[in-house]
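Overview (structure and organization)
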Amino acid sequence: MKRLDSIFLKVFLYGLPLVIILAIFSYRYGLGRFQGLAGNFKLLYNFSGLVFAIWMLLSIYLSVRLMVSGSFRNLVLARLTFIRERDEREVMLTGRATRKTFLTSLAVLIFLFFLSCFQVSIYRLPPEKAVDGKTGIISLGFGFNLLEYSHKVLPQETLQKTDIFSYAGLPVSSTAVILLLIIWQITSYNFSMQRLMRNEQRGDQGE
Amino acid sequence: MPKWPPRLKIVNRLHVWRAEHRLTQEQLAKEIGVTRATIVAIEGGGYNPSLELAFRIARFFNTDINAIFAIEEEAR
């Protein structure tokens, strides 16, 4: 099984540049243009589709393996995140850096959670709709949804108002947030590790 | 106010023992199975080795652990 994982991982990694090229190609020229082709181009188009399908299946398989297999996780993710534990000192430093990363990530997640929940809207009403003679309104809200509701039909706005500022949750997609968090985890860990090593060289044993 | 016990600082004479045995940091690291950075950190006082590693170092130099590592009281 380990050998199979290793083969799958290599196929996944070697296929990655091809998939990136395919993605750039389809983004620039659109996939529809290649559907009507004949001959070698048609063959190439079909082959690319097959490569992408295989790569997609492999990515699902490997990500599940990463979740369920501790040894596979150690082998792949430790290399990907540059974790080195060659002796007890490095194990200790890794522990400290991981603790720092965990706590800072948690702080970032809490911050993102609040940012995604809060809703602020500042707008101006027409003079005839003034409330207590005031036309400037600040509306605050707290929205929490377990599921995406983008497909839900929201009631149409009937109030005639001039928006000055409107904020209703994070403007980035969930995919972007997940990607940013992955990058954050790796960067934060390596930054903490570098800092701990620098402190150690200065003879400082504290955090 | 509770009276805290004095803080203890572990000092070592590893660089002296290493020099006496004419060993480089790299050589010593290889002999006791750690990285050179660990030897640098121990000698510089930036890292206190575990008991196991301290005993391993003492055994390598064929001496008592107290000959290499000692405790000093640190003023708070």
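A brief look at the structure comes next.

Rules of the game
Residues numbered from 1 in each chain as written. Chains lettered and ligands numbered in written order. Predicted model: local features only at pLDDT ≥ 70, side-chain atom pairs only at ≥ 80, totals over all residues. Heavy atoms only, no water. Contact = heavy atoms within 4.5 Å. Buried area = accessible area lost by both parts, 1.4 Å probe. Salt bridge = Lys/Arg side-chain N within 4 Å of Asp/Glu carboxyl O. Helix = DSSP H or I, 4+ residues; strand = E, 2+ residues; numbered from the N terminus. Nonpolar A, V, L, I, M, F, W, Y, C, P; charged D, E, K, R; others polar. Buried < 20%, exposed > 50% of the residue type's maximum accessible area, 1.4 Å probe, protein only.

Before going further, it helps to examine the interface of chain A and chain B. With 10 residues of chain A at the interface, the matching set in chain B holds 14 residues. For the chain A and chain B pair, buried surface summed over both sides reaches about 930 Å², with 48% attributable to carbon and sulfur atoms. At the junction of chain A and chain B, the tally comes to 0 salt bridges. Ranked by the residues each element gives to the side of chain A that touches chain B, the list is headed by helix α5 (residues 88-117) of chain A, at 4 residues. Grouping the amino acids of the side of chain A that touches chain B by side-chain chemistry returns 1 nonpolar, 2 polar and 7 charged.

Before going further, it helps to examine unusual backbone geometry. Trans peptide bonds make up most of the peptide bonds, and negative phi angles are found at most residues other than glycine. If you check the backbone angles, D132 of chain A has positive phi at about 50° while not being a glycine. Along the chain, D132 of chain A falls in the loop between β1 (118-124) and β2 (136-142). For D132 of chain A, a relative accessible area of 71% puts it in the exposed group. Positive phi, normally seen in glycine, also occurs at N62 of chain B, with a value near 55°. Residue position: N62 of chain B is located in the loop between α4 (51-60) and α5 (65-68). The exposed category is assigned to N62 of chain B, whose relative accessible area is 73%.

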